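# Descriptive analysis of the structure
Listed here are the chains, written in short residue letters.
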Amino acid sequence: MKAIPRDKPVYVGTGTDIIDFEPIKAVTIILRTTGCHWRRCKMCNYYLEQAPPPLSEEDLISQIDHAISKFPEGDLIVKIFTSGSFFDEREIPRGVQESILRRLPRDQIRKLIIETRPEFVTRSAISTAVEIFDSFEVAIGLETTNDEIRSRCIEKGFSFEDFKRAVEVARACGAGVRTYLLLKPPYLTEREAIDDMLRSARDLIPYTRTISLNLTTVRKNTPLHSLWKEGYYRPPWLWSAVEVMRRIREDPRFDDIAIISDPIGAGKPWGPHNCKRCDNRVKDAIRRFSITQDVRDLTAIECRCKKLWEVVLQLERFTFGVPLP
Ligand SMILES: [Zn+2]
């Protein structure tokens, strides 16, 4: 087996994101740590990107230096992930967290976003980040506001109340919040998955400025992969993502909240997909909309398979949990 390099991040890439509905160049960094300590979510295998411990302070510092060397010029939004939680001290000791933040080019960064589970959102962690960066956001993978779906279908291991507490701590420290929702965890019909997202988005209005819609993908070595192989799971239709994003954008209650999505694996059998003909077009429309927030980007696309998707929404109620293709 190839040795995992400890001094290089899992990923550094550039793209586009938005701040206050304005597009801006974005850098995404995934640091290699010892990985998530929870590891029970049914769709997740990110912890396989871990490096076996011990990972030294030097390793983590050279990872961030490597990432910084790839930064493009100009104003940036920088998003830092680990294959777990940046603020979990088992992954990155507090002192190293601070060293990493201090190495980032502050003058160039308009906003810094760091992902973490809510239990690691503490005053000491967040206030350090806010002290260094005026514009700092905590990103949390809440997935759904429905505790039953989050625990039974995902096994996420925290509650909506835990999330609310984290938001309160983040805000008290002067940080913003970005929330990830998960469209279509296992055991939901397509219609239930859409309704779950619309309800979750409404519940989140007081708590978040950005909702990032993750479309479930089937990853190897996960319980979801076994379900999918047996024919008990179909990843979400891209039409479902379009429907969720359109209905949120058209609702004036969300006028201050951006709704974005980057459909990973779109068009693949293991990723969100429609028919083969329109997958790329619909994926591009979702990406474009995520930057413009202009609902016409979503309503302009059509394909014959949309009718089939509408039929699926009607009929799956009668197939007792077995997905229609
Ligand atoms: Zn189609």
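Residues numbered from 1 in each chain as written. Predicted model: local features only at pLDDT ≥ 70, side-chain atom pairs only at ≥ 80, totals over all residues. Heavy atoms only, no water.

### Section: the pairing of strand β7 (residues 210-215)
Burial of β7 is extensive: 5 of the 6 residues sit out of reach of the surface. Taken together, the 6 bridges between strand β6 (residues 176-183) and β7 define a ladder with parallel strand orientation. The residue bridging tyrosine 180 from the neighbouring strand is serine 212, located in β7. In this fold, β6 hands off to helix α6 (residues 190-204), which returns the chain to β7; that crossover is right-handed. Pairing geometry for β7 and strand β8 (residues 258-260), over 3 bridges, is parallel. (Buried < 20%, exposed > 50% of the residue type's maximum accessible area, 1.4 Å probe, protein only. Helix = DSSP H or I, 4+ residues; strand = E, 2+ residues; numbered from the N terminus. Pairing = 2+ DSSP bridges. Right-handed = clockwise from strand over helix to strand, strands pointing away.)

### A few points about the pairing of strand β2 (residues 22-31)
Counting buried positions along β2 yields 7 of 10 residues, so the element is predominantly enclosed. Count of turn residues in the strand β1 (residues 11-19)/β2 antiparallel hairpin: 2 residues, of which aspartate 20 carries a positive phi of about 50°. Looking at chain direction, β2 and strand β3 (residues 76-82) are connected through 6 bridges and run parallel. Each bridged residue has a counterpart across the sheet, and for isoleucine 30 the counterpart in β3 is phenylalanine 81.

### Notes on the coordination of the zinc ion
Coordination of the zinc ion by the protein is provided by Cys275 (SG), Cys278 (SG), Cys303 (SG) and Cys305 (SG), with metal-donor distances spanning 2.3 Å. Coordination at the zinc ion comes from 4 donor atoms whose angles at the metal span 105 to 115°, giving a geometry best classed as tetrahedral. All donors to the zinc ion come from one chain, and their sequence spacing reads C-x2-C-x24-C-x1-C. By relative accessible area, cysteine 305 is classed as buried at 5%. (Donors = N, O, S within 2.8 Å, 3.2 Å for Na, K, Ca; no water. Tetrahedral: all angles 85-135°; square planar, octahedral: opposite > 155°, others 65-115°.)

### Digging into the packing of α6 against helix α11 (residues 305-315)
Helix packing for two helices is described by the angle between their axes and how far apart those axes are. Taken N-terminus to C-terminus, the directions of α6 and α11 make an angle of 90°; their axes are 7 Å apart at the nearest point. Comparing their axes, α11 and α6 come out roughly perpendicular. Across the interface between the two elements, Glu190, Arg191 and Ile194 from α6 touch Trp309, Val312 and Leu313 from α11. Across the contact of α6 with α11, the residue classes tally to 4 nonpolar, no polar and 2 charged. (Axes fitted to C-alpha atoms, helices over the stretch in contact; angles between N-to-C directions. Parallel < 35°, antiparallel > 145°, perpendicular 65-115°, else oblique. Contact = heavy atoms within 4.5 Å. Nonpolar A, V, L, I, M, F, W, Y, C, P; charged D, E, K, R; others polar.)

### Digging into the UniProt feature "domain: Radical SAM core" (unreviewed entry) in the protein chain
Here the UniProt-annotated "domain: Radical SAM core" (unreviewed entry) positions come out as residues 21-255. Here residues 21-255 runs as 37% helix and 20% strand, with 10 Å between its end C-alpha atoms. (UniProt positions renumbered as here; feature names shortened; annotations may be inferred.)

### Quick word on the layout of surface pockets
Considering only enclosed or pocket space, the second largest pocket measures out at about 240 Å³ in volume. Lining the second largest pocket are 16 residues, and of these Asp20, Lys111, Glu137, Arg209 and Thr210 lie nearest its centre. Elements represented by at least two residues in the lining of the second largest pocket include exactly β1, β5 (136-143) and β6. Ranked by residues supplied to the lining of the second largest pocket, first place goes to β6 with 3 residues. A class-by-class count of the residues in the lining of the second largest pocket yields 6 nonpolar, 3 polar and 7 charged. (1 Å grid on protein atoms, 1.4 Å probe; cavity = no way out; pocket = protein on both sides within 12 Å on 5 of 7 lines; lining within 4 Å. Points joined across faces, edges and corners; volume = space filled by probe spheres on them.)

### Details of the sheet that holds β3
An order of β1-β2-β3-β4-β5-β6-β7-β8 is seen for the 8 strands of this open sheet, with the pairing classed as mixed. A single partner strand is all that each edge strand has here, and the edge strands are β1 and β8. Ignoring which end each strand starts from, the neighbouring axes of this sheet average 25° apart. Strand contacts of α6: β5, β6 and β7, with the helix running at about 165° to β6, the strand carrying the most contacts.

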